[in-house]
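As a plain string of letters, each chain reads:
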Number of protein chains: 2
Amino acid sequence: MEASASEETLRGNLAEKRAAVDAQAEAVRKLKAEGAENSDINAAVDTLKALKVEASAVARRLQAILSSNGGGGATDREAFRQAVVNTLERRLFYVASFKIYRGVAGLYDYGPPGCAVKANVLAFWRQHFVLEENMLEVDCPCVTPEIVLKASGHVEKFTDLMVKDEKTGTCYRADHLLKDYCKDKLEKDLSLSTEKFTEIKHVLAVLDDLSAEELGTKLKEYGITAPDTKNPLSDPYPFNLMFQTSIGPSGLSPGYMRPETAQGIFVNFKDLYYYNGNRLPFAAAQIGQAFRNEISPRQGLLRVREFTLAEIEHFVDPKDKSHAKFVDVADLEFLMFPRELQLAGELAKPMVLGETVWKGIVNNETLGYFIGRVYLFLTHLGIDKERLRFRQHLLNEMAHYAVDCWDAEIECSYGWIECVGIADRSAYDLRAHTEKSGVPLVAHEKYSEPIEVEKLLITPSKKELGLAFKGNQKMITEALEAMTEAEALEMKAALESKGEIEFQVCNLGKSVSIKKNMVSISIEKKKEHQRVFTPSVIEPSFGIGRIIYCLFEHCFYTRPSKSEDEQLNVFRFPPLVAPIKCTVFPLIKNEKFDETAKIISKSLTAAGISHIIDITGTSIGKRYARTDEIGVPFAITVDSTTSVTIRDRDSKDQIRVSIDEVALVVKEVADGQSTWADIMWRFPTHSA
Amino acid sequence: MEASASEETLRGNLAEKRAAVDAQAEAVRKLKAEGAENSDINAAVDTLKALKVEASAVARRLQAILSSNGGGGATDREAFRQAVVNTLERRLFYVASFKIYRGVAGLYDYGPPGCAVKANVLAFWRQHFVLEENMLEVDCPCVTPEIVLKASGHVEKFTDLMVKDEKTGTCYRADHLLKDYCKDKLEKDLSLSTEKFTEIKHVLAVLDDLSAEELGTKLKEYGITAPDTKNPLSDPYPFNLMFQTSIGPSGLSPGYMRPETAQGIFVNFKDLYYYNGNRLPFAAAQIGQAFRNEISPRQGLLRVREFTLAEIEHFVDPKDKSHAKFVDVADLEFLMFPRELQLAGELAKPMVLGETVWKGIVNNETLGYFIGRVYLFLTHLGIDKERLRFRQHLLNEMAHYAVDCWDAEIECSYGWIECVGIADRSAYDLRAHTEKSGVPLVAHEKYSEPIEVEKLLITPSKKELGLAFKGNQKMITEALEAMTEAEALEMKAALESKGEIEFQVCNLGKSVSIKKNMVSISIEKKKEHQRVFTPSVIEPSFGIGRIIYCLFEHCFYTRPSKSEDEQLNVFRFPPLVAPIKCTVFPLIKNEKFDETAKIISKSLTAAGISHIIDITGTSIGKRYARTDEIGVPFAITVDSTTSVTIRDRDSKDQIRVSIDEVALVVKEVADGQSTWADIMWRFPTHSA
């Protein structure tokens, strides 16, 4: 969006230049046809040539801008992505699932290093959120009966719009086809008129809001066909993204694989609230698999059919969304992208979190607190803070019940990717399940002393209404019960003074005459001992696979080998997430060194440090390169039986440490109690 | 099974006594009918009474044995179970899933303490198996395409036999109905004849092997009807236990929720073998959800529709199943229940693991090594070693390809429950996927120098066979190619000497005359550089939920409150698995103590110790009881601002420790670096 101002100017400019070229070419033709003087013709041709040069200069400038937006820059980004993905697949961080059977789109396996990274990310998530915040962690099944997902709205609304190739039956996401068409137009069609350009920009902006009909109209208008066959497409229709199944042997109990973990928490609210001593606020958390039967998965690990979610549901009193620990994160400063900046076509800006809450940009302290905690979580993992922003949802993006939503977006080769959603969902979910199940999912606040409240009581007399209005009494009864306090009091006064009143019944489309004996209206005083209310929920929801993929990209770099004849791949994982913390290499093949390496290996195991020992005789440089490529932060090289060296992956610095100390020193840096810089001071450096 | 000898004797005895009673009663009747002397009649009646007394004495003894087998003992066990389950549900260790919607049979949620126990068990599993053995951990999806589960045999054979209530359609497991009937008969029907008794015992023994037809015949024979309605039942038929779904939007790609995690490892064998440097042996491991759509789940957490499995696939050269670390476990001694003991009707016996392997009771060292490691794993968690046995599968229990299988069975209120299966599955799984996918899942062993091998080459001449036999040449070609070496050599000799030979083609049902020009048979010498083979796999498979449930039962006990007026519940979880390691209680409500408690809480968080802080003014005894009931091993009571007490849950011993040290001391015992006994020596004891 940011570059579009100059892009638009250039497009206009190009259109003008091309029009001038066309006009001059016509002029030349005319001169020739009229048999004009050669000198006149030559002059006109020279002008035409000059105009063509100008037009192509503008075209080149436009092309350059388009390239940096997504075209040529995209080539660089794709090359980078290919390098990362090649390394990830070759080293078995992840692979397509069921590869020997040609795989299934959107399903991936984590191999050993990927699995270890994932386990580390989840362990840190538990430490950072569950343990530090005393959250109530739960673990619910993936198989979910239909009624739960009807209440949550997923059975009705968890859909994407789909079109089918009318001949082959191949399915596509309708919005993806339209998006691809529009992007392609903008990137490659330099002759787009200003009107067309504006229109296509608009389509891209409102893409997510288009109805099935509107999408269908656009697809037809642009003549979009099936990408693989060019066959005509069906009209778009909704496809539910849940994997459906059947629970039990009867075939009569439909179920789904859960599309999110949150519902398991909501349906347990009552027990969890009790477990927490009937006190608010409290948070429940869940880590688990979720499933979405994507129509046509793409973008590798970013859009998959099964993924790990980590979700928090923080329940608060809607009247008090302050957070006791907000002060701990208020001073953090990072890239925020509020609604206003987005609408003004500006970029995300560094902002101090506390100020965004005080200024009302972020709706409340609890939401702000979680934004801060998510920032700390992601940057601790190794996400580059320059490529992390918190983007506020536009008003049309949010569900009608949501109060405010912010996405943690991480920039990678696919663009800015939503990795964590942090939403204030108000009381929506608990209310929906209360209504469907009949079990009140509410909280109570005891008043310090009882409060006297006045309650309006409207009691229609079914008998009298029945006698007077026969078939219509039900609608009239409902209309009477639905009166506002003001309307009821007005009626009460009228009935007392005049004995009857004209009453408009909308559903009947006419007014009826209500008499005194047909309804009793009174105000009763009642003592209330407690306030009963549905808590609001603030939901941070983490797509673990997306975070891990972005982490892979942010940690990947290449550097020349010692001989400078090749580029070596490195993942600069922080020790916290590194799949393996340490390697042990005997410098040369030698029984004594092998023995020493085994002793060190035992002490590392005892200290709980994951490591690999490599006693192949391969050159030490090759062994370093092999482990740099899976992001092992420290390498112990055994070159004596009394002391060894520890090498840091990124700086390649080495220090010398005694055999007895080495496991504890590695543990100290691997656990994050000390940094490599701290350690460097304490031990003699070693030059290879 | 063990008590059945005396039970059988008594049943025989009882039958005799009853026959005697009947005969004597008949005699009395006869005397009366004949109008015999009163004195004779009285004498006969006295004999009858005496016989009746004897018969009922035998009946009582039989009843007593039946009760201790399963009847009255069952009442005690059920009462114990109810106490455990009540505590577990009340304290939210687990609850029925989707309770507000009346739940779904066989689906459970782990609440906060249960979830923490599960996370601790899994973390220890990773430490004990994956880290210590350098296993390759993977993480594959639950959604699995049909082809994979066709190859593994699950689509065809993963079934239970089901019967339907013919009127209501309610489904039951056929074997369960028969089992319930038989058990009930044995427990309650004292008048069972010896033949009937033996027959029913036999039915119970072979229950798992009965075909659908045999089961149906037995159900009919015993007149078994639907338990809820007494309606007639359908014939038994197989019901596949996998949850079925559809992958992608087309509806044309059937898939299932995986019934085990193992297949994800097998299909990745090639990549994992490469990852391991093309070396054997190595093990891959996976923790994840598995799904079984049980017909009628019962037994709470023991038979559920979704559960967490932790599986290891250890790949070895079938020619060498030794294990380098077997010596580390060879001296362990624990309850083993080999096939021979089971068949002899004896009990499990303590055996030294090493001896069972040397004697060939356990098939090989690798299998033995895992049995030992599983024993260490379970007892470390807190499973009572007196109620843990390793039971060998009987020959008819094992799959045809299996070499040897041992189940770790844990005794709980439901009886002996299979919690870990440890099986040598030979090369079955890799071969099945090789065949179905066409991708060879094999290992290679390089010979130190090439080996010369002779290979038989049979080359039928299609042209000549076609000319001679027209339509039949294909079958003849196949028959020629399928000849054994001996047959081929015989044919070669005959063709060379006589020029032709009569050859029996089974598929044609006749013999044909093969001439010299129709087939060439030769022996070629070839140099082979490596051996290519399919590895064997040894598979320890852990049902995490079952282990956890048995752990709950083994750790549960009650003890009187201080005032002795009630029984308090305690879980004696080892610190390793305790859901929360420590509590912090200010002794009385007091600002300074609260402040001190918060300081301690911060240092515990920094040390990574999960804890709760309770500053409600409730009596200290009540707070202890509340946390004993969820198995918190240590309680810190703040009764001064400089030092505090630490209380041990089970001994109730208390020691006094300074504020600065307390977090580290708790960490030391909670992490298992020291025991409570060690700690007791170092600090002054505190008497409350």
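None of these values were measured; they are calculated from a predicted model.

Conventions we followed
- Residues numbered from 1 in each chain as written.
- Chains lettered and ligands numbered in written order.
- Predicted model: local features only at pLDDT ≥ 70, side-chain atom pairs only at ≥ 80, totals over all residues.
- Heavy atoms only, no water.
- Helix = DSSP H or I, 4+ residues; strand = E, 2+ residues; numbered from the N terminus.
- Rg over C-alpha atoms; globule rule 2.2 N^0.38 Å.
- Buried < 20%, exposed > 50% of the residue type's maximum accessible area, 1.4 Å probe, protein only.
- Contact = heavy atoms within 4.5 Å.
- Lys, Arg positive; Asp, Glu negative; His and termini not counted.
- Charge placed at Lys NZ, Arg CZ, Asp CG, Glu CD.
- Expected span 1.5 Å × (residues − 1).
- Pairing = 2+ DSSP bridges.
- Salt bridge = Lys/Arg side-chain N within 4 Å of Asp/Glu carboxyl O.
- Domains from an automatic or database assignment.
- Core = buried A, V, L, I, M, F, W, Y, C linked by side-chain atoms within 4.5 Å.
- Phe/Tyr/Trp six-rings, centres within 6.5 Å; stacked < 30°, edge-to-face > 60°.
- Least-squares fit on C-alpha atoms with pLDDT ≥ 70 in both.
- Patch = residues over 30% accessible without salt bridge, like charges linked within 9 Å, V, L, I, M, F, W, Y side chains within 5 Å.
- Areas by Shrake-Rupley, 256 points an atom, 1.4 Å probe, with all protein chains shown as cover.
- Arc of directions from axis to C-beta.
- Axes fitted to C-alpha atoms, helices over the stretch in contact; angles between N-to-C directions.
- Left-handed = near helix turned anticlockwise from the far one by under 90°.
- Nonpolar A, V, L, I, M, F, W, Y, C, P; charged D, E, K, R; others polar.
- Polar contact = N/O pair within 3.5 Å; in protein donor to acceptor, adjacent residues only side chain to side chain.

### Some points on the overall build of chain A
Part 1: Summing up its helical and strand segments, chain A has 23 helices and 28 strands in all.
Part 2: For chain A, whose C-alpha radius of gyration is 34 Å, the value lies well above the compact-globule estimate of 26 Å for 688 residues.
Part 3: Across its three principal axes, chain A shows a C-alpha extent of roughly 110 × 100 × 55 Å.
Part 4: For chain A, the proportion of its 688 residues judged to be buried stands at 52%.
Part 5: Counted over contacts in chain A with a minimum sequence separation of 6, partners at least 24 positions apart contribute 67%.
Part 6: The average position of the 86 basic charges and that of the 99 acidic charges among the side chains of chain A differ by 3 Å.

### Notes on helix H22 (residues 659-670) of chain A
All names here are of chain A.
Part 1: Here H22 is twelve residues long and its end C-alpha atoms lie 17 Å apart, about the 16 Å a rise of 1.5 Å per residue gives.
Part 2: Buried residues of H22: Ile 659, Val 662, Ala 663, Val 665, Val 666, Glu 668, Val 669 and Ala 670, and no others.
Part 3: Where the residues of H22 are buried, they touch strand E24 (582-586), helix H20 (591-606), strand E26 (634-638), strand E27 (643-648), strand E28 (654-658) and helix H23 (676-682).

### Focus on unusual backbone geometry
Residue and element names in this part refer to chain A.
Part 1: Of the consecutive residues Leu 280 and Pro 281, the connecting peptide bond is found in the cis state with omega at -10°.
Part 2: Turning to its location among the elements, Pro 281 is positioned in the loop between helix H11 (269-275) and strand E10 (282-291).
Part 3: One non-glycine residue with positive phi stands out, namely Leu 92, at about 65°.

### Some remarks on the sheet that holds E10(A)
All names here are of chain A.
Part 1: Spatial ordering of the open sheet is given by E3-E10-E11-E21-E16-E15-E14-E12-E13, a layout of nine strands whose pairing is mixed. The open sheet terminates on both sides in strands that have one partner only, identified here as strand E3 (136-137) and strand E13 (349-352).
Part 2: Across two bridges, the pairing between strand E12 (residues 333-337) and strand E14 (residues 388-392) is parallel. Across the sheet, residue Met 336 finds its bridge partner in E14, namely Phe 390.

### Topic: the pattern of salt bridges
All names here are of chain A.
Part 1: Under the definition given, this model contains 84 salt bridges over all chains.
Part 2: A salt bridge links Asp 424 to Lys 321; its shortest N-O distance comes to 2.8 Å. In this pair, Asp 424 sits in strand E16 (residues 415-424) while Lys 321 sits in the loop between strand E11 (306-316) and E12, placing the two residues 103 residues apart along the sequence. The exposure classification of Asp 424 matches that of Lys 321, with both residues buried.

### So, the domain arrangement of chain A
Part 1: On domain assignment, one finds that chain A holds domain 1 (4-69), domain 2 (160-240), domain 3 (288-304 + 317-431 + 536-545), domain 4 (443-533) and domain 5 (580-682).
Part 2: Computed over C-alpha atoms, the centres of domain 2 of chain A and domain 5 of chain A are 55 Å apart.

### Some points on the nonpolar core
Part 1: Trp125(B), Phe377(B), Leu378(B), Phe390(B), Phe542(B) and Phe552(B) are the most contacted members of the largest nonpolar core, which totals 75 residues.
Part 2: Top element by residues in this core is helix H14 (residues 365-381) of chain B. It accounts for nine residues.
Part 3: Taken domain by domain, this core gets at least three of its residues from each of domain 2 (131-142 + 249-442 + 534-567) and domain 5 (580-682) of chain B.
Part 4: Of all hydrophobic cores here, the second largest spans 73 residues; its members include Phe334(A), Ile383(A), Ile422(A) and Cys555(A).

### Looking at the packing of aromatic side chains
Residue and element names in this part refer to chain A.
Part 1: Throughout the structure, instances matching the rule amount to 56 aromatic pairs over all chains.
Part 2: Measuring from centroid to centroid gives 5.3 Å for Phe 282 and Phe 315, while their planes differ by 45°, and the two rings are tilted. One end of the pair, Phe 282, is in strand E10; the other, Phe 315, is in strand E11, with 33 residues separating them in the sequence. Here Phe 282 matches Phe 315 in class, with each residue buried.

### Focus: the relation of the copies chain B and chain A
Part 1: When chain B is fitted onto chain A, the two copies agree to an RMSD of 0.6 Å after a turn of 179° and an axial shift of 0.0 Å. In the structure described here, the two chain copies are related by an operation that fits a two-fold rotation axis. Proximity to the rotation axis, assessed at the C-alpha, singles out Thr245(B) in chain B; its C-alpha lies 2.7 Å from the axis.

### Side note on a negative patch on the surface
Part 1: A contiguous patch of negative charge on the surface is contributed by Asp208(A), Asp209(A), Glu213(A) and Glu214(A).
Part 2: With respect to the secondary-structure elements, Asp208(A) resides in the loop between helix H8 (194-206) and helix H9 (212-221).

### Remarks on helix H8 (residues 194-206) of chain B
Residues and elements named next belong to chain B.
Part 1: Compared with the 18 Å implied by 1.5 Å per residue over 13 residues, the 19 Å span of H8 between its first and last C-alpha is a close match.
Part 2: Within H8 the residues assigned to the buried category are Phe 197, Ile 200 and Val 203. All buried residues of H8 fall inside an arc of 125° around its axis, so they share one side. Every exposed residue of H8 that faces more than 90 degrees away from the buried side is listed here: Glu 195, His 202 and Ala 205.

### Some words on the packing of helix H7 (residues 174-188) of chain B against H8(B)
Residues and elements named next belong to chain B.
Part 1: Orientation of H7 relative to H8, taken along the N-to-C sense of each, is 145°, at an axis distance of 10 Å. The handedness of the crossing between H7 and H8 is left-handed. In contact with Leu 178, Lys 179, Cys 182, Lys 183, Lys 185 and Leu 186 of H7, H8 contributes Phe 197, Ile 200, Lys 201, Val 203 and Leu 204.
Part 2: In terms of residue class, the contact of H7 with H8 is made up of seven nonpolar, no polar and four charged.

### Quick look at the packing of helix H4 (residues 112-131) of chain B against helix H19 (residues 544-555) of chain B
Residues and elements named next belong to chain B.
Part 1: Axis separation between H4 and H19 bottoms out at 11 Å; the angle between their running directions is 115°. Seen from above, H4 lies across H19 with right-handed handedness. Contacts from Val 117, Lys 118, Val 121 and Leu 122 in H4 reach Ile 544, Ile 548 and Phe 552 in H19.
Part 2: Of the residues that constitute the contact of H4 with H19, the class distribution is six nonpolar, no polar and one charged.

### What to know about the side chain of His611(A)
Part 1: The topology assignment puts His611(A) in strand E25 (residues 611-613).
Part 2: Only 2.8 Å separates the side chain of His611(A) from the side chain of Ser601(A), close enough to count as a polar contact.
Part 3: Here the side chain of His611(A) touches Ile609(A) through a polar contact of 2.8 Å, landing on its backbone oxygen.
Part 4: Apart from residues no more than four positions distant in its own chain, His611(A) is found in contact with Ile580(A), Cys582(A), Val584(A), Ser601(A), Leu604(A), Thr605(A) and Asn134(B).

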